[in-house]
Amino acid sequence: MDYSFRFHFEYYADGVIKKSTSAQNDDFSVIVDDGDTLLNVTVIPKKSIEFIKFELITDMDISYDERIFTNGYQSWTVTREYAPTGAMDEFNPRLLGLEKRKFNLLGIFGAGDLTFHQYPEKSGIFYGYSYAYVRKGNKLRLFGSLSERTGYTILTFDVNNATFSVEKDLQGVIFKKEKNVLSLCKLEGDYDECFDRYFEMMNIPKPRVKRKCGYTTWYNYYTSVTEDIVRRDLESISKLGTDVDIFQIDDGYQRTVGDWLIVNSEKFPSGMKAAASLIHSHNMLAGLWLAPFAVTPKSYIFKEHKDWLVHDKNGKYHYASQNWGGFFALDIYNSEVRDYLHKVFDTVLNDWGYDMVKLDFLYACSIIPIHGKSRGEIMCDAMDLLRACCGDKIILGCGVPLAPAFGKVDFCRIGADVALRWENNSFSREDVSTQHTIMNTIFRRHLDGRAFLNDPDVFLLRDNNIKMPFAKRRLIAEINSLCGNLLFVSDDVSTYTKQQKDVFVKTVTSPKAKILSAGFTQGKKISIDYLLNGEQGNLSFNLETGERIHNEP
């Protein structure tokens, strides 16, 4: 695919903001090497410059029978295919007005990208991160960044003006010498063929783990988890009559977020090493949740080591999000922070004996550019650090921009947290939402087995503490089993009926299906064609109502 690119540059030089639409000017040169399948862009500065806007634009026609996929900013961000006449906020109009004009101005929804990228305010404009495609039938035009280490790659389709743009988030980077800023592959072919080639070009190793099932404490007890609850649910799940691979303890065991080695002794009087041993005695891998870059104002770190926190050039600390009443992020380039993180993971994995860590809210470390590094470079460095800290232990990534996590984590969440109801009441593109995570599970299925194994989040079968009928709970379980490879529940399974037990066993013992095609058929109806155990099947449902359209099992 050959394109003729135009340029849009805004930058600081000589102490002033300048603009340019030329690849050659008095301040820098841009060299574009546009091959058949790879576009390389190099900046050669003639003086010290910092880009505010670095964008390449080309003409692109998209027909109304094609579909546009844009990858959301991080794990939780809404991600799906769009009709060219659609809009990014069509499933939840509150996302545009409420999120942008209220919450983002308060600075508490830092989990998203609105602090550095403008959300489109009309239909026909679709943007995302790292990779994107246009699909007609099973044929793709796929565009993918080979690395986000120089900065996040933002890909935008403007159907109204028939353009496609490639933008690099280079904020905070001072250019003083020649630097390659973009390597973008341009591929055409069948769906699976294009994604196979894309990941081969990135040299991402195949995941070393296999499909697993398990249990997490979060979606039933949240931060109220205790040692007694762990013991009770561990006993119950071990009696289900099928193997369960992982038992994971989530948020609530620690005194506060950030103080990972200070256990809440009222909730876990025997300590976390004893909890891991108890899990192992039931022949399961022990998993533990941490948000390694997150620090609350209640934490020991915040009180004693404020110099460890991410701050801007004026010394202001930035909230990373509103969770836990608001939290700050650790500066991964601080040597004391790195020593502290190595100590945390050495204790959790080698002393306490946990086999897997679920690492959450990872985006936090890159909320602003620091130390002359872009957000993308910071996130890539952070994932390298976490893998080095964890060695060969299993990492489940969550709340993370996905491309920097490619090949660095074993499993990865690819959608929002599942809600206890089907209806969509979310306030942001990263908010808790069953409908959002179902879309992500289906439309990010191509990452499974290539970048890592996909975690579609939990399926819940219990009757108590949940606000959706069993048919919808069973539908989520089926979607997760078809499209995901980490299948977790969060139920007290001792309360299961025979029907619930049967659905659980079927969900976790079914082999991974081969998805032949999936997408919206009309309106909010989704159809998935798949091959399972040598037989072709179909699952169709209405995303808005959660009702099956046909093929009731």
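Note: the structure precedes this text.
Quick notes on the rules
Residues numbered from 1 in each chain as written. Predicted model: local features only at pLDDT ≥ 70, side-chain atom pairs only at ≥ 80, totals over all residues. Heavy atoms only, no water. Helix = DSSP H or I, 4+ residues; strand = E, 2+ residues; numbered from the N terminus. Rg over C-alpha atoms; globule rule 2.2 N^0.38 Å. Buried < 20%, exposed > 50% of the residue type's maximum accessible area, 1.4 Å probe, protein only. Contact = heavy atoms within 4.5 Å. Areas by Shrake-Rupley, 256 points an atom, 1.4 Å probe, with all protein chains shown as cover. Lys, Arg positive; Asp, Glu negative; His and termini not counted. Charge placed at Lys NZ, Arg CZ, Asp CG, Glu CD. Core = buried A, V, L, I, M, F, W, Y, C linked by side-chain atoms within 4.5 Å. Pairing = 2+ DSSP bridges. Axes fitted to C-alpha atoms, helices over the stretch in contact; angles between N-to-C directions. Parallel < 35°, antiparallel > 145°, perpendicular 65-115°, else oblique. Left-handed = near helix turned anticlockwise from the far one by under 90°. Nonpolar A, V, L, I, M, F, W, Y, C, P; charged D, E, K, R; others polar. Patch = residues over 30% accessible without salt bridge, like charges linked within 9 Å, V, L, I, M, F, W, Y side chains within 5 Å. Salt bridge = Lys/Arg side-chain N within 4 Å of Asp/Glu carboxyl O. Arc of directions from axis to C-beta.

A.B. asks: When you look at the overall build of the chain in this model, what are you seeing that I'm missing?
C.D. replies: Within the chain, the regular secondary structure consists of twelve helices and 27 strands. Against the compact-globule benchmark of 24 Å for 553 residues, the chain has a radius of gyration of 23 Å, which places it among compact chains. Each principal axis of the C-alpha atoms in the chain carries an extent, and together these give about 70 × 60 × 40 Å. The buried share of the chain, reckoned over its 553 residues, is 63%. Put simply, 69% of the contacts in the chain that link residues at least 6 apart link residues at least 24 apart. Entry remark: accessible area of the chain is about 21,000 Å², with carbon and sulfur atoms responsible for 48%. Charge separation in the chain, taken as the distance between the mean sites of 67 positive and 73 negative side-chain charges, equals 2 Å.

A.B. asks: What is the right way to read the nonpolar core from this model?
C.D. replies: Considering soluble globular proteins, one finds that nonpolar side chains tend to be buried as a cluster. Within the largest apolar cluster, 190 residues are counted, with the highest numbers of intra-cluster contacts made by Ile249 and Phe406. With eight residues, the single largest contributor to this core is helix 8 (residues 375-390). For Phe406, the residues in contact, after removing those within four places along its chain, are Tyr131, Phe199, Met202, Ile204, Leu447, Ala451 and Phe452.

A.B. asks: Which parts of the structure should I look at to understand the sheet that holds strand 19 (residues 356-359)?
C.D. replies: Taken in spatial order, the eight strands line up as 22-21-20-19-16-15-14-23 in an open sheet, and their pairing is parallel. Of all strands in the sheet, those with a lone pairing partner are strand 22 (453-455) and strand 23 (486-489), marking the two edges. Across the sheet, the axes of successive neighbouring strands diverge by a mean angle of 25°, strand direction being ignored. Of the strand pairs in this sheet, strand 20 (residues 394-397) and strand 21 (residues 411-413) are connected by two bridges, and their pairing is parallel. Looking across to strand 21, one finds that Gly397 is bridged to Cys412. Lying over the sheet, helix 5 (residues 272-280) contacts strand 15 (246-249) and strand 16 (285-290), oriented at roughly 145° with respect to strand 16.

A.B. asks: Explain the packing of helix 11 (residues 470-483) against helix 12 (residues 498-509) here, please?
C.D. replies: Geometry of a packed helix pair, given as the angle between the helix axes and the separation of the axes. As a packed pair, helix 11 and helix 12 sit with axes 10 Å apart at the nearest point and diverge in direction by 15°. Classified by the angle their axes make, helix 11 and helix 12 are roughly parallel. Both helix 11 and helix 12 take part in a crossing whose hand is right-handed. Of the residues in helix 12, those touching helix 11 at Phe470, Arg473, Arg474, Ala477 and Ser481 are Gln499, Gln500, Val503 and Thr507. Here the residues of the contact of helix 11 with helix 12 are counted per class, giving three nonpolar, four polar and two charged.

A.B. asks: Would you explain the environment of Lys358 in this entry?
C.D. replies: Mapped onto the elements of the fold, Lys358 is located in strand 19. Residue class for Lys358 comes out buried when judged on its relative accessible area of 7%. As for Lys358 and Met468, which are separated by 110 residues in sequence, their C-alpha atoms are 27 Å apart. For Lys358, the contacting residues outside a window of four places in its chain are Gln248, Asp250, Leu288, Trp289, Leu290, Leu396, Cys398 and Arg413.

A.B. asks: For this particular structure, what's the right way to read a nonpolar patch on the surface?
C.D. replies: Taken together, the side chains of Tyr12, Ile17 and Ile52 make up a nonpolar region of the molecular surface, amounting to roughly 280 Å² of accessible area. By the secondary structure assignment, Ile52 is in strand 5 (residues 50-59). Its relative accessible area of 40% is what places Ile52 among the partly exposed residues.

A.B. asks: Looking at this structure, how should I read helix 5?
C.D. replies: For an α-helix the count is 3.6 residues per turn, leaving residues at separations of three or four pointing the same way. Every buried residue of helix 5 is accounted for by Met272, Ala275, Ala276 and Ile279. Seen end-on, helix 5 carries its buried residues on one side only, within an arc spanning 100°. Contacts from the buried residues of helix 5 go to helix 4 (227-237), strand 15 and strand 16.

A.B. asks: Any chance you could explain the pairing of strand 1 (residues 6-13) here in plain terms?
C.D. replies: Note that strand 1 and strand 5 share seven bridges and pair antiparallel. By the bridge assignment, Tyr12 is partnered in strand 5 with Glu50. Pairing analysis gives five bridges linking strand 1 to strand 2 (residues 16-20), with the strands arranged antiparallel. Opposite Tyr12, over in strand 2, you have Ile17 as the bridge partner. Adjacent in sequence and paired antiparallel, strand 1 and strand 2 are bridged by two residues, among which Asp14 carries a positive phi angle near 60°.

A.B. asks: Just checking my understanding: could you explain the packing of helix 7 (residues 335-351) against helix 8 for this structure?
C.D. replies: Between helix 7 and helix 8, whose axes approach to 9 Å, the crossing angle comes to 40°. Considering the angle they form, helix 7 stands oblique to helix 8. Pair helix 7 / helix 8 crosses with right-handed handedness. Residues Arg338, Leu341, His342, Phe345 and Leu349 of helix 7 lie in contact with helix 8, whose contacting residues are Leu385, Leu386, Ala388, Cys389 and Cys390. Of the residues in the contact of helix 7 with helix 8, the class split is eight nonpolar, one polar and one charged.

A.B. asks: I tried to follow helix 4 on my own but got confused; where do I start?
C.D. replies: For helix 4, the complete set of buried residues consists of Glu227, Ile229, Val230, Asp233, Leu234, Ser236 and Ile237. Residues of helix 4 that are buried make contact with strand 14 (212-216), helix 3 (218-221), strand 15, helix 5 and strand 23.

A.B. asks: Looking at this model, I keep getting lost on the sheet that holds strand 8 (residues 125-129). Mind explaining?
C.D. replies: Note: strands within a sheet are paired through backbone hydrogen bonds, in either parallel or antiparallel orientation. The six strands are arranged 2-1-5-12-11-8 in an open sheet whose pairing can be described as antiparallel. Of all the strands in the sheet, just strand 2 and strand 8 have a single pairing partner and so form its edges. Geometrically, the sheet is characterised by an average inter-axis angle of 15° between neighbouring strands, direction not taken into account. Examined bridge by bridge, strand 5 and strand 12 (residues 163-168) share five bridges and lie antiparallel to one another.

A.B. asks: Before we go on, may I ask you to explain the environment of Gly415 in this structure?
C.D. replies: With respect to the secondary-structure elements, Gly415 resides in the loop between strand 21 and helix 10 (434-443). Gly415 gets classed as buried once you look at its relative accessible area, which sits at 0%. Sequence-wise, Gly415 and Ser75 are 340 residues apart; in three dimensions their C-alpha atoms are separated by 5.3 Å. Contact partners of Gly415, with chain neighbours within four places excluded, come to Ser75, Trp76, Thr437, Asn440 and Arg444.

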